[in-house]
Amino acid sequence: MEYPNLLPRFLKYVKVNSRSDEHSDRFPSTEREENFQKNVIMKDLEDLGLSDIHYNQKAGSVIAEIPSNVDYDVPVMGFLAHSDTADFNSENVKPQIHENYDGKSKIQLGDSEFYLDPKVFPHLKNYKGQTIITASGDTLLGGDDKCGVSELITFAEYLMNHPEVKHGKIRLAFTPDEEIGTGAEHFDVKDFGADFAFTVDGEAPGKLDWGTFSAAQFSLDIQGVNVHPAVAKGQMINAVQVGIDFHNQLPEHDRPEHTDGREGFFHLMSFNGTVDNAHLDYIIRDFERDGLEERKNLVKSIVDKMNAEFGTERIKLKMWDQYYNMADELKKHMDIVDLARDAYKAEGLKINEDPVRGGTDGSQLTYMGLPCPNIFAGEENMHGRYEYTVLESMYKAVDVMIQMAELNAERAK
Ligand SMILES: [Zn+2]
């Protein structure tokens with residue numbers, strides 16, 4: 001279905017800079033993000049006449065409710081979209097609309113030297129005859145996740161104006177700081193008050209995410225012994241060399257550049273050092289919780305073995321878990337995943353459930369007691385100047401949400 005207010009709403013939102021900042025001490029991480037939530041999102045929700053609209057300062061989230069229009073109890077469904085955009089220039093975004101795309105030409109980004117080329121980005125070929133929205137070459141678009149934000153609000157607008165569509169109570173949240181990975185931990189599950197929810201922050205129509213990596217991070221601090229190289233024999237311990245020796249004991253194949261699909265990895269993110277001292281930062285990823293534990297144990301055992309050979313704790317290891325594969329929890333709530341599947345099918349979509357080689361806000365929320373898969377929002381090439389979205393994909397996301405609202409009420413009868 002076409003929703004006439006969706007495109008103008010999206011264009012209005014992407015022009016508002018709401019980039020988050022990982023180096024900030026405040027929460028939400030930037031004032032501009034909070035301003036977007038309070039001065040734009042909240043105002044639009046108020047204009048639509050939603051209930052219980054408020055800003056939960058502790059959670060940094062706008063919360064709102066679409067009241068039930070049936071006289072029986074329906075499990076409360078929620079939808080979430082994040083208000084911030086990724087770490088790329090987001091000052092003065094000038095969205096460009098390319099109608100009736102021919103499915104083969106390069107699309108110039110504004111009058112810049114940059115093009116969206118279907119040879120480089122083959123997904124473009126799927127969008128023949130559709131409306132592509134890009135930025136103008138020097139900024140990101142911000143469709144991640146202003147697609148989700150504008151779709152949630154358009155969904156609410158539709159339900160408020162169509163009382164013949166029957167649904168239970170639906171809760172909406174517009175959250176902060178997803179792109180810097182710190183928003184979800186502040187989320188107020190109780191205030192949100194949903195039994196289950198979906199983040200709306202994904203790729204092409206049909207994509208349904210309910211499996212993610214399980215994730216841990218670790219750092220090594222290595223203390224060397226620096227003596228003059230001329231007389232170093234048997235005395236010098238080069239901290240940089242110790243770091244290299246550690247790294248070489250990890251499985252060579254298990255690196256991001258050698259893995260895909262369901263394979264996990266160890267990723268050396270940074271390595272700084274001198275003879276005297278070296279510091280290494282790694283992340284560990286695995287789809288299986290056991291696999292994550294095995295990888296953590298391998299790291300510990302290499303460090304222990306090396307320290308035993310030194311006869312002292314020359315390598316200091318710090319390791320912590322980041323998030324877990326939501327599939328492990330969601331397997332206990334497959335009715336939620338099935339609700340999304342049924343809505344996709346009703347909309348004639350081919351379902352793609354490839355696991356996410358990353359985490360989502362839902363990974364954390366699911367473990368905080370709010371089961372939370374992710375549905376598509378129509379985002380493509382996230383996080384940079386080549387970002388684009390497709391208007392028809394955004395319409396489809398709203399269609400799916402309306403289906404889910406109806407199906408959920410239908411099931412509770
Ligand atoms: Zn996102």
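These figures come from a predicted structure and were not determined experimentally.

Novice: Would you take a moment to explain the overall build of the protein for this structure?
Specialist: Along its length, the protein carries 10 helices and 17 strands. The C-alpha atoms of the protein give a radius of gyration of 24 Å, which matches the 22 Å a tight globule of 413 residues would have. Taking the principal axes of the C-alpha coordinates as reference, the protein spans close to 85 × 50 × 40 Å. Sorting the 413 residues of the protein into buried and exposed places 54% on the buried side. When contacts within the protein are restricted to residue pairs at least 6 apart in sequence, long-range pairs at least 24 apart make up 79% of them. Counting only carbon and sulfur atoms, one obtains 47% of the accessible surface of the protein, whose full area is about 18,100 Å². In the protein, 43 positive and 72 negative side-chain charges are present, and the distance between their average locations comes to 2 Å.

Novice: Can you help me understand the pattern of salt bridges in this one?
Specialist: Opposite charge on two side chains lets them pair, provided their charged atoms get close. Here the structure, examined in full by the defined rule, presents 22 salt bridges. Asp44 is the partner of Lys12 in a salt bridge, and the nearest nitrogen-oxygen pair spans 3.0 Å. Of this pair, Lys12 sits in helix H1 (residues 6-14) while Asp44 sits in helix H2 (residues 31-48), and the two are 32 residues apart along the sequence. Each member of the salt-bridge network shares a partner with another, and the members are Arg289, Glu293, Lys296 and Asp321.

Novice: Which parts of the structure should I look at to understand the coordination of the zinc ion?
Specialist: Working reference: metal with six octahedral donors, ideal angles 90 or 180 degrees; metal with four tetrahedral donors, ideal angle 109.5 degrees. The protein atoms that coordinate the zinc ion are His82 (NE2), Asp144 (OD), Asp201 (OD) and Asp201 (OD), at distances of 1.9 to 2.5 Å. In this structure, the zinc ion is surrounded by four donor atoms whose angles at the metal cover 54 to 141°, and the resulting shape is irregular.

Novice: Looking at this structure, how should I read the nonpolar core?
Specialist: In summary, soluble globular proteins display a tendency toward joint burial of nonpolar side chains. Core analysis: the largest hydrophobic core is formed by 66 residues, its most contacted members being Phe79, Phe155, Leu172, Phe198 and Ile375. When residues in this core are grouped by element, the largest group, 10 residues, is from helix H10 (residues 391-412). Dropping the residues within four chain positions of it, Leu172 is found in contact with Leu50, Val62, Ile63, Ala64, Ile66, Phe79, Leu152, Phe155, Ala156 and Phe192. Of all hydrophobic cores here, the second largest spans 21 residues; its members include Ala216, Leu292, Ile302 and Val303.

Novice: Looking at this structure, I do not really get the UniProt feature "active site" (unreviewed entry) in the protein. What am I missing?
Specialist: According to UniProt, the positions carrying the feature "active site" (unreviewed entry) are Asp84 and Glu178. The largest pairwise C-alpha distance within this set of annotated residues, which runs over 95 residues, is 6.8 Å, so the set is compact in three dimensions. Its place among the elements puts Asp84 in the loop between strand S3 (77-82) and strand S4 (96-98). Beyond its immediate stretch of four places on either side in the chain, Asp84 contacts Ser18, Ser20, Glu33, Asp144, Asp145, Thr175, Pro176, Asp177, Glu178, Glu179 and Ile180. Only 2.8 Å separates the side chain of Asp84 from the side chain of Ser20, close enough to count as a polar contact. The residue Glu178 is located in the loop between strand S8 (170-175) and helix H4 (189-192) in this model. Contact partners of Glu178, with chain neighbours within four places excluded, come to His82, Asp84, Asp201 and Asp361.

Novice: Explain the layout of surface pockets to me, please; I cannot follow it from the model alone.
Specialist: It is the rolling of a water-molecule-sized probe over the atoms that shows where space remains empty. Roughly 300 Å³ of internal volume is contained in the second largest pocket. Lining the second largest pocket are 14 residues, with Asn126, Tyr127, Ala204, Pro205 and Gly206 positioned closest to its centre. Residues that form the lining of the second largest pocket fall into these classes: three nonpolar, six polar and five charged.

Novice: I would appreciate a short explanation of the domain arrangement of the protein in the present structure.
Specialist: The accessible area lost on association of the parts is a frequent measure of interface size. Parsing the protein into structural domains produces domain 1 (6-211 + 325-411) and domain 2 (214-323). One C-alpha centre belongs to domain 1, the other to domain 2; they are set 37 Å apart. In this assembly, domain 1 packs against domain 2 so that about 810 Å² is buried in total across both faces, 49% of it on carbon and sulfur atoms. Its largest share of buried area at the contact with domain 2, domain 1 owes to Asn325, Pro355 and Arg357, together 64% of the area lost on that side. At the junction of domain 1 with domain 2, the criterion picks out zero salt bridges. If you look at where domain 1 meets domain 2, you find seven residue pairs in polar contact (both at pLDDT 80 or more).

Novice: Can you help me understand the environment of His123 in this one?
Specialist: Position of His123 among the secondary structure elements: in the loop between strand S6 (115-116) and strand S7 (132-134). Under the relative-accessibility criterion, His123 is labelled partly exposed at 39%. Each C-alpha atom of the pair His123 and Gly103 lies 9.4 Å from the other, and the pair is 20 residues apart in sequence. Excluding its chain neighbours within four sequence positions, the residues that come into contact with His123 are Glu380 and Tyr388. Only 2.8 Å separates the side chain of His123 from the side chain of Glu380, close enough to count as a polar contact.

Novice: What should I look at first to understand the sheet that holds strand S17 (residues 388-390) in this one?
Specialist: Strand pairing in a sheet takes place through backbone hydrogen bonds and is either antiparallel or parallel in direction. Spatially, the four strands line up as an open sheet ordered S4-S7-S17-S16, and their pairing is antiparallel. Looking at which strands have only one partner, the edges of the open sheet turn out to be S4 and strand S16 (379-380). Pairing between S4 and S7: three bridges, direction antiparallel. Note on S7: the bridge partner recorded for Ile97 is Ile133.

Novice: Sorry if this is basic, but what is going on with the packing of helix H8 (residues 334-346) against H10 here?
Specialist: The description of two packed helices rests on the angle between their axes and on the distance between the axes. Here H8 crosses H10 at 125°, and the two axes come no closer than 9 Å. In terms of orientation, H8 and H10 fall into the oblique class. Crossing of H8 over H10 shows right-handed handedness. When H8 is examined against H10, the residues Asp335, Asp338, Leu339, Ala340, Asp342, Ala343, Tyr344 and Ala346 are found in contact with a partner set consisting of Val400, Gln403, Met404, Leu407, Asn408 and Arg411. In the contact of H8 with H10, the residues fall into eight nonpolar, two polar and four charged.

Cut-offs and rules
Residues numbered from 1 in each chain as written. Predicted model: local features only at pLDDT ≥ 70, side-chain atom pairs only at ≥ 80, totals over all residues. Heavy atoms only, no water. Helix = DSSP H or I, 4+ residues; strand = E, 2+ residues; numbered from the N terminus. Rg over C-alpha atoms; globule rule 2.2 N^0.38 Å. Buried < 20%, exposed > 50% of the residue type's maximum accessible area, 1.4 Å probe, protein only. Contact = heavy atoms within 4.5 Å. Areas by Shrake-Rupley, 256 points an atom, 1.4 Å probe, with all protein chains shown as cover. Lys, Arg positive; Asp, Glu negative; His and termini not counted. Charge placed at Lys NZ, Arg CZ, Asp CG, Glu CD. Salt bridge = Lys/Arg side-chain N within 4 Å of Asp/Glu carboxyl O. Donors = N, O, S within 2.8 Å, 3.2 Å for Na, K, Ca; no water. Tetrahedral: all angles 85-135°; square planar, octahedral: opposite > 155°, others 65-115°. Core = buried A, V, L, I, M, F, W, Y, C linked by side-chain atoms within 4.5 Å. UniProt positions renumbered as here; feature names shortened; annotations may be inferred. Polar contact = N/O pair within 3.5 Å; in protein donor to acceptor, adjacent residues only side chain to side chain. 1 Å grid on protein atoms, 1.4 Å probe; cavity = no way out; pocket = protein on both sides within 12 Å on 5 of 7 lines; lining within 4 Å. Points joined across faces, edges and corners; volume = space filled by probe spheres on them. Nonpolar A, V, L, I, M, F, W, Y, C, P; charged D, E, K, R; others polar. Domains from an automatic or database assignment. Buried area = accessible area lost by both parts, 1.4 Å probe. Pairing = 2+ DSSP bridges. Axes fitted to C-alpha atoms, helices over the stretch in contact; angles between N-to-C directions. Parallel < 35°, antiparallel > 145°, perpendicular 65-115°, else oblique. Left-handed = near helix turned anticlockwise from the far one by under 90°.

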